[in-house]
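Reading the structure
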Amino acid sequence: MENLLRPLIVVGGSVVLTLVIGWATDFLLRKADARHHDTPLWGLLRRARIPYQLVLGAALLRGSYDEAQLLQSREEAVGRVLALVLIGSTAWLIIRIAAAIVETSYSRYAHARVHRDPARVRRVRTQVTLIMRVLSAIVGVVAAASMLLTFPAFKAAGASLLASAGILGIVAGVAAQSTLSNMFAGFQIAFGDMVRIGDTVVVDGEWGTVEEITLTFLTVRTWDERRITMPVSYFTSKPFENWSRGTPQMTGIVFWHLDHSAPLEAMRDRLRDILRECPAWDGRAYNLSVTDTTPTTMQVRALVTAKDADDIWTVRVRVREEMIRWLTREHPYALPRVNTADAVLAPPGGSNGHRPAPQTVPAQQRRYHGNGPGRPDR
């Protein structure tokens, strides 16, 4: 009877004690979270309740398993399994607690500074993300090494591994040169403030928003919801555009190719009215001017401003659409046209003072030379 009750009491008591302590801790965290609404720390710590209970259960069973006298022939194997579970759950718990503390610190900073300096908030967010990834990697490596050292074979091979560590390090460094360069580039991006999560960038002709930064790669979400993944070393070795660097305010350009008779003053007034009705325009500046001419058209350019890249796109398409619609309705003559009038040829002689009547050639038989047809008669 004792052989049955002893393991039941030891194992069952450890499990029950683990559940009770875990429930009590979770209850206290819920109370603290309900009492302190200004900080998310207690709510984030509740995410660690599973690894916390695993640590408690593995520690209690590891310490009391000898008293249970269960599976004595397999006692060493069971003890090793419990040690592995304890090491793994402890690493998991450390990562969850560190993530809760770091996320709470970032949340306080973001709510305190977001309205004054959003660029600095994005920089801190990028640094915090990379720091958490580095911490998780370090904890994972230490936990894996500790698990391996629980096996006697790895303990015996420790001396030889340390003796050959220098040679292996050189070989690994040469083999993983690109990976190491990306890791150092990741640190340079995080603390050099080159690019941050949430920045609007242009890479290889594609513009989008930086969505994720790791130690080895960076992900850009384009305007059409594609994901461009590239090594972080790209941003330390090649030029790229960062529209969020410094101030996110931008100036946009809209072009029209119009007839030479287009009413420029009326277009300036119409541009002003369009911008006043566009919520994306920030009200800083606007301008309309002729920037180029051809034999058939002139190029009209409008400059508009907005607070960021998304709004400048909205303002540009709105101005382009509204101006074309207004010209079509109010000034259709200002739109470019193709000349279909008959061409007047030069007289064949004319040197003797006698000027014959000009000859005409139908438009279908006419051949154009130069940049294009001439402007039709009014």
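All values derive from a computational prediction rather than experimental measurement.

Here we look at the packing of helix α11 (residues 264-276) against helix α12 (residues 309-330)
It is the contact of α11 with α12, at a shortest axis distance of 10 Å, that shows an interaxial angle of 135°. With respect to their mutual orientation, α11 and α12 come out oblique. As for the relative orientation of α11 and α12, their crossing is right-handed in sense. For the pair α11 and α12, contact is made by A266, M267, R270, L271, I274 and L275 and by V315, R318, V319, E322, M323, W326 and L327, respectively. Counted by class, the contact of α11 with α12 contains ten nonpolar, no polar and three charged residues.

Quick notes on the packing of aromatic side chains
On inspection of all chains with the given rule, the structure shows two aromatic pairs. Residues W281 and Y286 carry aromatic rings whose centres are separated by 6.0 Å and whose planes lie at 75° to one another, so their mutual orientation is edge-to-face. You can call W281 buried: its relative accessible area is 18%.

Quick notes on α12
Note: α-helices contain 3.6 residues per turn, so residues at a spacing of three or four share the same orientation. The end-to-end C-alpha distance of α12 is 31 Å, a good match for the 32 Å that 22 residues give at a rise of 1.5 Å each. For α12, the set of buried residues is A309, D311, I312, V315, V319, E322, M323, W326 and L327. Seen from one end, α12 has its buried residues packed into an arc of 165°, which puts them on one side. Elements that come into contact with the buried residues of α12 comprise β1 (200-203), β6 (250-258), α11, β7 (281-293) and β8 (298-306).

A few points about the side chain of N242
Summarising the element assignment, N242 is placed in strand β5 (residues 241-242). Within the local environment of N242, its side chain forms a polar contact with the side chain of D199, the two groups lying 3.2 Å apart. Beyond its immediate sequence surroundings of up to four residues, N242 is in contact with M194, V195, D199, T200 and V201.

What to know about the sheet that holds strand β3 (residues 217-222)
Strand pairing in a sheet is mediated by backbone hydrogen bonds. Such pairs are either parallel or antiparallel. With respect to topology, five strands assemble into an open sheet ordered β4-β3-β2-β1-β5, the strand pairing being antiparallel. Every interior strand has two partners, whereas the edge strands, β4 (227-231) and β5, have only one. Relative to strand β2 (residues 206-213), β1 is paired through four bridges, and the arrangement is antiparallel. Counterpart to T200 in the pairing with β2 is T209.

A few points about the pairing of β3
Relative to β3, β2 runs antiparallel, the two being bridged by five bridges. Bridge assignment links I213 to a residue of β3, and that residue is L218. If you look at the hairpin formed by β2 and β3, you'll find three residues sitting between the two strands. Here β3 pairs with β4 via five bridges, running antiparallel.

Details of the side chain of T200
Topologically, T200 is positioned in strand β1. On the basis of relative accessible area, T200 is assigned to the buried category, the value being 11%. Residues contacting T200, with those up to four places away along its chain left out, are W207, G208, T209, E241, N242, W243, S244 and A309.

What counts, and where the lines are drawn
Residues numbered from 1 in each chain as written. Predicted model: local features only at pLDDT ≥ 70, side-chain atom pairs only at ≥ 80, totals over all residues. Heavy atoms only, no water. Axes fitted to C-alpha atoms, helices over the stretch in contact; angles between N-to-C directions. Helix = DSSP H or I, 4+ residues; strand = E, 2+ residues; numbered from the N terminus. Parallel < 35°, antiparallel > 145°, perpendicular 65-115°, else oblique. Left-handed = near helix turned anticlockwise from the far one by under 90°. Contact = heavy atoms within 4.5 Å. Nonpolar A, V, L, I, M, F, W, Y, C, P; charged D, E, K, R; others polar. Phe/Tyr/Trp six-rings, centres within 6.5 Å; stacked < 30°, edge-to-face > 60°. Buried < 20%, exposed > 50% of the residue type's maximum accessible area, 1.4 Å probe, protein only. Expected span 1.5 Å × (residues − 1). Arc of directions from axis to C-beta. Polar contact = N/O pair within 3.5 Å; in protein donor to acceptor, adjacent residues only side chain to side chain. Pairing = 2+ DSSP bridges.

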